[in-house]
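Per-entry structural report
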Amino acid sequence: MRRATLRLCALSKRLLMPGRGLNSDSWGASKQRIYMNEAGSSLHVNHVRDKLREIVGVSTNWRDHVRAMEERKLLHGFLAKSQEALHPRKMKDSYIEVLLPLGSEPELREKYLTVQNTVRFGRILEDLDSLGVLICYMHTKNHSVKMSPLSIVTALVDKIDMCKQSLSPEQDIKLSGHVSWVGKTSMEVKMKMFQFQDGAFCPVLDATFVMVARDSENKGPAFVNPLLPETPEEEELFKQGELNKGRRISMSSISLLKMAPDAEERNTIHDMFLSTLDPKTISFQSRILPPNAVWMEDTKLKSLDICHPQERNIFNRIFGGFIMRKAYELAWATACSFGGSRPFVVTVDDIMFQKPVEVGSLLFLSSQVCFTQNNYIQVRVHSEVASLHNKEHMTTNVFHFTFVSQNEVPLVFPRTYGESMLYLDGQRHFHSMSAPVKKDYLVEP
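Summary of the structure given here. (Residues numbered from 1 in each chain as written. Predicted model: local features only at pLDDT ≥ 70, side-chain atom pairs only at ≥ 80, totals over all residues. Heavy atoms only, no water.)

1. Side note on the packing of aromatic side chains
Counting across every chain of the model gives nine aromatic pairs. Between Phe196 and Phe201, the ring centres sit 5.2 Å apart and the planes meet at 70°, which makes this aromatic pair edge-to-face. Looking at Phe196, the relative accessible area reads 32%, which means it is partly exposed. According to the relative accessible area criterion, Phe201 is partly exposed, its value standing at 30%. Members of the aromatic cluster, each reached through a chain of ring pairs, are Phe121, Tyr328, Phe399, Phe401 and Phe403. Between Lys174 and the ring centre of Phe201, over which it is positioned, the NZ or CZ distance is 4.7 Å. (Phe/Tyr/Trp six-rings, centres within 6.5 Å; stacked < 30°, edge-to-face > 60°. Buried < 20%, exposed > 50% of the residue type's maximum accessible area, 1.4 Å probe, protein only. Lys NZ or Arg CZ within 6 Å of the ring centre and 35° of its normal.)

Printed below as a string of structure tokens:
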């Protein structure tokens, strides 16, 4: 007991020592250090998760995870009692650039390469998730301690929109982002991705994530630093963050899990039902498919993964980016099987992380096409977990992906009322797309 006390006292002293920052500089250095160093170079993508481990103070060895989590309990005293006790931060304080050097480092390319010689979008989702968390730690960094007392986790992928350019595995990619809006315990992060082409980095992707701060043991909410916009452009970004929050609340209030479809949606479902009745019989039970149509229940694909320690995050739960990648790849396979040609991702939106996934869990993914229009395919993936000792399944995530196919695809028809609600939900997500996308996409799993 005495030895444990001495160890904790030594750790307390270490926490109060001037820490080493992201570039082996003082953790309390100038705010300009957020650009990674004086020269303004980018952080290598392979170092992002290393920096996160350094900030949180966890080991890379699975056998040390219990001790590391016990040590984090000492950080409770550094949590703010109110948001007013925290210094306001600027958007530039959290700005980070990360380089994914696919062109200049061919040995890295293998991890991101598809068989069609394009970039795996699932790997990009993993990188975005890690970058979003690191950005929030830059916004909330505490100069008085080496390790952050906050546990920052992804709460929501609000939207990811692809631009009208292809992703080549032979050109460098740059990701950048910063905190754009702050609540009491949550932060919105805007991220962009660029690829080097014709002598310049060109836009490829826009992403909006929502992160939440929790205490050092990841058991309850924690306050984050307020955000102080400096320019009219930053004011507009902050205002957009407020609008996004309001939109999410509004969409939640009219969710089909809470409210009945509106009149137009009810008519849509009834017209679809009538079009599947067999004209040879006068019966509601006799159903036939119209030409070029597929029953929704016949579009399903499923997968199962065992969640090994290798896929854990810095808090020893399963990495959210890993779950997103597995869900995306299953969705892509579903769209490919359904459409009969290579699909290309257009939009990812409204991914809510409802429950963390523990190491050792069984991860069940179920994917199905829930809406189509012309050559667009809307795919929904439902994620649930069960422990090895408990047969009870619990939902962790619901994913929504919009793909565009090279050819026009069949219509999907629901058989049941439940499938009708899935159809309408898919239609809503499809219509929330920012803009139609051209067919020159080369973004695959």
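2. Focus: the side chain of Ser148
Take Ser148: it is sitting in the loop between helix H5 (121-139) and strand E4 (151-162). Using a relative accessible area of 4% as the deciding quantity, one classes Ser148 as buried. From its side chain, Ser148 meets the backbone nitrogen of Leu150 in a polar contact 3.1 Å long. (Helix = DSSP H or I, 4+ residues; strand = E, 2+ residues; numbered from the N terminus. Polar contact = N/O pair within 3.5 Å; in protein donor to acceptor, adjacent residues only side chain to side chain.)

3. Side note on the sheet that holds strand E6 (residues 186-197)
Strand order across the open sheet formed by eleven strands is E1-E2-E5-E6-E7-E4-E10-E13-E12-E11-E9, with mixed pairing between neighbours. Every interior strand has two partners, whereas the edge strands, strand E1 (43-44) and strand E9 (301-306), have only one. (Pairing = 2+ DSSP bridges.)

4. Here's the deal with a nonpolar patch on the surface
A cluster of nonpolar side chains, contributed by Met251, Ile254 and Met259, occupies part of the molecular surface with about 260 Å² of accessible area. Locating Met251 in the fold gives a position in helix H6 (residues 232-253). Residue Met251 is classed as partly exposed on the basis of its relative accessible area of 42%. (Patch = residues over 30% accessible without salt bridge, like charges linked within 9 Å, V, L, I, M, F, W, Y side chains within 5 Å. Areas by Shrake-Rupley, 256 points an atom, 1.4 Å probe, with all protein chains shown as cover. Salt bridge = Lys/Arg side-chain N within 4 Å of Asp/Glu carboxyl O.)

5. Description of unusual backbone geometry
In this model, Asn292 sits at a positive phi of 55°, which is unusual for a non-glycine residue. With respect to the helices and strands, the residue Asn292 is situated in the loop between helix H7 (263-275) and strand E8 (293-295). Residues other than glycine seldom take positive phi values, yet Asn374 does so here, at roughly 55°. Along the polypeptide, Asn374 turns up in the loop between strand E11 (362-373) and strand E12 (376-386).

6. Details of the side chain of Glu97
Turning to its location among the elements, Glu97 is positioned in strand E2 (residues 96-100). Of the buried charged residues, Glu97 lacks a salt bridge, with Lys174 as the closest side chain of opposite charge at 4.2 Å. A polar side-chain atom of Glu97 sits 3.2 Å from a polar atom in the side chain of Ser42. (Lys, Arg positive; Asp, Glu negative; His and termini not counted.)

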